[in-house]
Protein chains: 2
Amino acid sequence: MEKRKVGVLGGGQLGRMLIEAANRLNIQVNVLDIDKSPAKQISSHDGHITGSFKDAKKVKELAESSDVVTVEIEHVDTQMLEEVSKDVVVEPSWNTLRIIKDKFAQKEYLKEHSIAVAESLDLEGKADGDQALRDVGREFGYPFMLKSKTEAYDGKGNFAVMTEEDVPAAIKSLGARPLYAEKWADFKMELAVMVVKTKDGVLTFPTVETVHEDSICKLTYAPPRGVERATQTRAQELAKKAIAAFEGKGVFGVEMFLLKDDSLVVNEIAPRPHNSGHYTIEACKISQYQAHLRAILDIPIVPEGLELIQPSIMLNILGGQTTDSHEKIASLALEKTTASVHLYGKGDARPGRKMGHITLLASTMAEAERQIQPLIDAVDNQKGKPLGPKSIPQEEPLVAVIMGSDSDLPTLRAGLEILTKLDIPFTTRITSAHRTPDWLREFSKNAVNTSVKVIIGAAGGAAHLPGMCASWTTLPVIGVPVKATHLDGVDSLYSMTQMPLGEPVATVGINNSTNGALLAVRILGASDERIRERLRLWMEGNEKEVLRKDKALLDQGWEVYLKGMGK
Amino acid sequence: MEKRKVGVLGGGQLGRMLIEAANRLNIQVNVLDIDKSPAKQISSHDGHITGSFKDAKKVKELAESSDVVTVEIEHVDTQMLEEVSKDVVVEPSWNTLRIIKDKFAQKEYLKEHSIAVAESLDLEGKADGDQALRDVGREFGYPFMLKSKTEAYDGKGNFAVMTEEDVPAAIKSLGARPLYAEKWADFKMELAVMVVKTKDGVLTFPTVETVHEDSICKLTYAPPRGVERATQTRAQELAKKAIAAFEGKGVFGVEMFLLKDDSLVVNEIAPRPHNSGHYTIEACKISQYQAHLRAILDIPIVPEGLELIQPSIMLNILGGQTTDSHEKIASLALEKTTASVHLYGKGDARPGRKMGHITLLASTMAEAERQIQPLIDAVDNQKGKPLGPKSIPQEEPLVAVIMGSDSDLPTLRAGLEILTKLDIPFTTRITSAHRTPDWLREFSKNAVNTSVKVIIGAAGGAAHLPGMCASWTTLPVIGVPVKATHLDGVDSLYSMTQMPLGEPVATVGINNSTNGALLAVRILGASDERIRERLRLWMEGNEKEVLRKDKALLDQGWEVYLKGMGK
């Protein structure tokens, strides 16, 4: 189908996963790297080049045997790429690679293009490094980050200067390299977005949360936990804008900080597939690797292919204390979970080396967290980290039961028992439409951003609670009218059913919290076969119970039966 | 992690996809086949053997360099496998392969183990073939199937004897081979189940519908369209029982007929990954290929890993009239859909040769059908089939609106308009609890087996409709009380809300079909973000409209405003 050959500088794990995607489409990829590198192991043809991706001569050789040249790493000879770009397509552009491979130049470029980045100061060429760093400390305050402009990845080339006393150690560690300093980002969370730049425009994958440990990516969560949809969209927009500023085609990783004030700044850009996009292999219909191939070969991308199929968590498998400690984690994942395991076929498992990764999908993020926890524990254990108090993630509630007053709680008991029996996680809150209108508004507006899918509101008298809640949410709201002091609950029943056009309340019988709960279960079951099956079995049990009673009544006659009832 | 080497007889597309799975786990697979066969293209190491998988010497060579030997095709030398099995693990057992590779022996074996199969008659060794076939015709009636016991696949080795006149042609076509005859299976649908036999037991993937054309698999649908859950489970149980009867480990494909009387018979078994299981690569967390590796290497399988993530359709890409006609279908799939494309790296695209396949996932089967239709059209066009009247699949209804009488329809109009406006597919039915109780029962019991996720029932007076419906389904049922001749609709309101413990009706206001419809949208939106977003925008529009009126009232004053209202 695609007859053009792709040449790639570098044959590590990113190259390997790129080739996995190319193999499916029967596209030939020529790899420039040492023999038996991870990428070459899964690609058998005579177009590969043996050598270093930093060797200009070899890059030329690769270019001569390929139609489109790309990279799996940015620390390459961009002079040679500039030269060969006269004869062969280079994507992304050598110019983009040149800017991005120098992290300080990258930041300056982004600033010029009005992209928010962390504040930074150039330190290259300063005669007295020690003095220069103390000057930075005075300007930025401590801590600040000292960073190498080039050849920095996975924590290598970064030094966190916590206090003035760290200055000599920082100089000792990085002094020989071209340096810059960066203001400490006081972030709530790190986010990342994979961006695809095609001939037609810029597309994005979903926003993910990344968790780093020792400056190496440990986990990604897609979608990010507890982050509002609007913030996720803002992150996608920022990433899109940042990448639109660069020349060339392909996928780009954009790492960002979500600051305490909810603003976003770009941290770093990678002009290639990225660790924070590994999850796309299973969690999206088009992976970042396939997207990269499509972008550089001008094969169109249907944007829906980049959407999330299910929530997913990616966990890196690093080399550990022993040569096989990473293999134990992979085995555990295979034996105990439904996760996908990727092993890169690398040689020695040096501590901290990326040996593989695991991606786990589940129908909810809470479920994914619960399933992956033993693997995170194993990783922490591998690192010699004390496990500390077990923090098994709580099952996140699917139903929120709200009541105007704790006096409604006894009426709700039967419903809560049904939810417990049918294994539906729920939360109970007190929020009165009249006494805490602001809290009800806040709760109702935010519910859609949580795991909650159905709300049950119980109230007596004027019973505005479920109706007001429904006015502030798009989730289904069930109303349980509670029989208060007067009017036998009919007041509440009318208040709930007779909502104006636009904001329905799903009303059940007076005081009938059982039916309120069962309606919530039916609503959840409409899209979850397992829940529906649990409900079906429960209903079957009820049916059998009534049939049993019928038989007893028939067998015993009504008089004996009544006696058995104590009547 | 896994240090043992797997040897595989055959390096076609099944071997290639097996290696794709092995590459991810960094497991070495040695392939016995010609050089540059599809499987070898994606596996670069010096353990492969060049030659034919039918060559006993080569099989021995493969066995000597592998720890576990398996097959991607059953037409192999089982004598040699029996011999090498003394020194190396062979999975599945050579004995199982020997039985299964002879289709008649396979059927006899299944019958002995009480597995339902189509009736068949041995024809091998009959001196007068012509007479023997006419005898079959007398016993089974016409049409019947004439089949080669061995070396039959993708329609090769099969002949449908439609009338007695076909007998000479049948003899001419297959006479030289060992034959048997099979009674014509008058089936509603063909189903298939991939089964995994491990050291611990037998697991199954979901049941799929298969569609054959010219005796070659064209499409698979997972789950099968319009087949009850219970039937799907029966198919899985039958497949499980059939495979449990054989020795050895690995995945097995079980093809079945679903007959007109809803009974199931086994058609054919494959002792290896199978075309009907390709969909598992994307649609399940563990693919049939990974499952095969796990089974033969005793790596445990968490059964949930075999469940369906989303409905999926697999479409085979066959060689066509021209050498590149199959490539056009692959390109179309990439350009216009979110489907995954697999190209096998085969040489010549002979008509009917399996060159690749496409798997398309969507949140509903109807959606998947709509998305894949242009590709099926392209395949039919490639085959020179006239496209005929366009049969674009209808969007299947998510909401069923039922009413006791057409006199309720005017009340429902506003709700139906809202569903239309918010792009929710629905169906409307008339079913009266009192005049058509059996039809209501049938409708309600079957609803859960359809695409419907929410039912809206409108009724006046005694208004038993939604309550009775709720008693026969686990789906959420919304009640719209209709104001009838007396009691102002309060009678219906009470009848719907005051359901007994166990069968709730989500009741909205009297005559308020708008709110009934909006509640259905909220319920669907609880698990579908796109629907929720449509609802949010609609509510935002309503909000703006009220704010606009408020401003007009403020600007104009109440008197002018009233005049504008014509009052």
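Residues numbered from 1 in each chain as written. Chains lettered and ligands numbered in written order. Predicted model: local features only at pLDDT ≥ 70, side-chain atom pairs only at ≥ 80, totals over all residues. Heavy atoms only, no water.

Comments concerning the pattern of salt bridges
Phase 1: Summed over all chains, the structure comprises 75 salt bridges over all chains.
Phase 2: The partner of Arg134 of chain B in a salt bridge is Asp130 of chain B, and the shortest N-O contact between them spans 2.7 Å. Residue Arg134 of chain B and its partner Asp130 of chain B are located together in helix α6 (residues 129-140), separated by four residues, close to a single helical turn.
Phase 3: Among the residues examined, Arg134 of chain B registers a relative accessible area of 21% and is labelled partly exposed.
Phase 4: Note on Asp130 of chain B: relative accessible area 28%, which makes it partly exposed.
Phase 5: Residues participating in the shared-partner salt-bridge network are Glu533, Arg536, Glu540 and Lys544 of chain A. (Salt bridge = Lys/Arg side-chain N within 4 Å of Asp/Glu carboxyl O. Helix = DSSP H or I, 4+ residues; strand = E, 2+ residues; numbered from the N terminus. Buried < 20%, exposed > 50% of the residue type's maximum accessible area, 1.4 Å probe, protein only.)

Examining the domain arrangement of chain A
All names here are of chain A.
Phase 1: Examined at the domain level, chain A breaks down into domain 1 (5-90), domain 2 (119-183), domain 3 (187-382), domain 4 (399-525) and domain 5 (529-564).
Phase 2: Distance from the C-alpha centre of domain 4 to the C-alpha centre of domain 5: 29 Å.
Phase 3: Contacts between the two partners involve 10 residues from domain 4, matched on the other side by seven residues from domain 5.
Phase 4: Here domain 4 and domain 5 share an interface that buries about 770 Å² over both sides, 74% of which is from carbon and sulfur atoms.
Phase 5: Three residues, Leu422, Arg522 and Gly525, lead the burial of domain 4 against domain 5; their summed loss comes to 53% of the area buried on that side.
Phase 6: Applying the counting rule to domain 4 against domain 5 returns zero salt bridges.
Phase 7: Every element with two or more residues in the side of domain 4 that touches domain 5 is listed here: α13 (409-421) and α17 (513-525).
Phase 8: Counting residues per element, the side of domain 4 that touches domain 5 draws most heavily on α17, at five residues.
Phase 9: Here the side of domain 4 that touches domain 5 is composed, by residue class, of six nonpolar, one polar and three charged. (Domains from an automatic or database assignment. Contact = heavy atoms within 4.5 Å. Buried area = accessible area lost by both parts, 1.4 Å probe. Nonpolar A, V, L, I, M, F, W, Y, C, P; charged D, E, K, R; others polar.)

Focus on the relation of the copies chain B and chain A
Phase 1: For the match of chain B to chain A, the screw axis carries a shift of 0.1 Å, the RMSD comes to 0.1 Å, and the turn is 180°. Given the turn and translation reported, the copies of this chain are related as if by a two-fold rotation axis.
Phase 2: Take the interface residues of chain B: 100% of them recur as interface residues in chain A, which is what a same-surface contact looks like. (Least-squares fit on C-alpha atoms with pLDDT ≥ 70 in both.)

Observations regarding the side chain of Ser444 of chain B
Residue and element names in this part refer to chain B.
Phase 1: Inspection of the secondary structure puts Ser444 in helix α14 (residues 437-447).
Phase 2: In terms of polar contacts, Ser444 uses its side chain to reach the backbone carbonyl oxygen of Leu440, at 2.7 Å.
Phase 3: Setting aside residues up to four positions removed in sequence, Ser444 forms contacts with Cys469, Trp472 and Thr473. (Polar contact = N/O pair within 3.5 Å; in protein donor to acceptor, adjacent residues only side chain to side chain.)

Describing the environment of Gly566 of chain B
Residue and element names in this part refer to chain B.
Phase 1: Along the chain, the position of Gly566 falls in the segment after α18 (529-564).
Phase 2: On the basis of relative accessibility, which here comes to 66%, the residue Gly566 falls in the exposed class.
Phase 3: Taking the C-alpha atoms as reference points, Gly566 and Arg229, 337 residues apart in sequence, are found 58 Å from one another.

Some remarks on α18 of chain B
Phase 1: With 36 residues, α18 of chain B extends only 40 Å from end C-alpha to end C-alpha; this falls clearly short of the ideal 52 Å at 1.5 Å per step.
Phase 2: The sharpest bend along α18 of chain B reaches about 115° and sits at Gly557 of chain B.
Phase 3: Turning to α18 of chain B, its buried residues number three or more, namely Ile531, Arg532, Leu535, Trp538, Met539, Ala552 and Tyr561 of chain B.
Phase 4: Packing partners of the buried residues in α18 of chain B comprise α15 (465-471) of chain A together with α13 (409-421) and α17 (513-525) of chain B. (Expected span 1.5 Å × (residues − 1). Bend = angle between axes of the 7 residues up to and from the residue.)

Here we look at the packing of α17 of chain A against helix α18 (residues 529-564) of chain A
Residue and element names in this part refer to chain A.
Phase 1: As a packed pair, α17 and α18 sit with axes 7 Å apart at the nearest point and diverge in direction by 140°. With respect to each other, α17 and α18 are oriented oblique. Where α17 abuts α18, its residues Leu518, Val521, Arg522, Leu524 and Gly525 lie against Glu529, Ile531, Arg532, Leu535, Trp538 and Met539.
Phase 2: Residue composition of the contact of α17 with α18, by class: seven nonpolar, one polar and three charged. (Axes fitted to C-alpha atoms, helices over the stretch in contact; angles between N-to-C directions. Parallel < 35°, antiparallel > 145°, perpendicular 65-115°, else oblique.)

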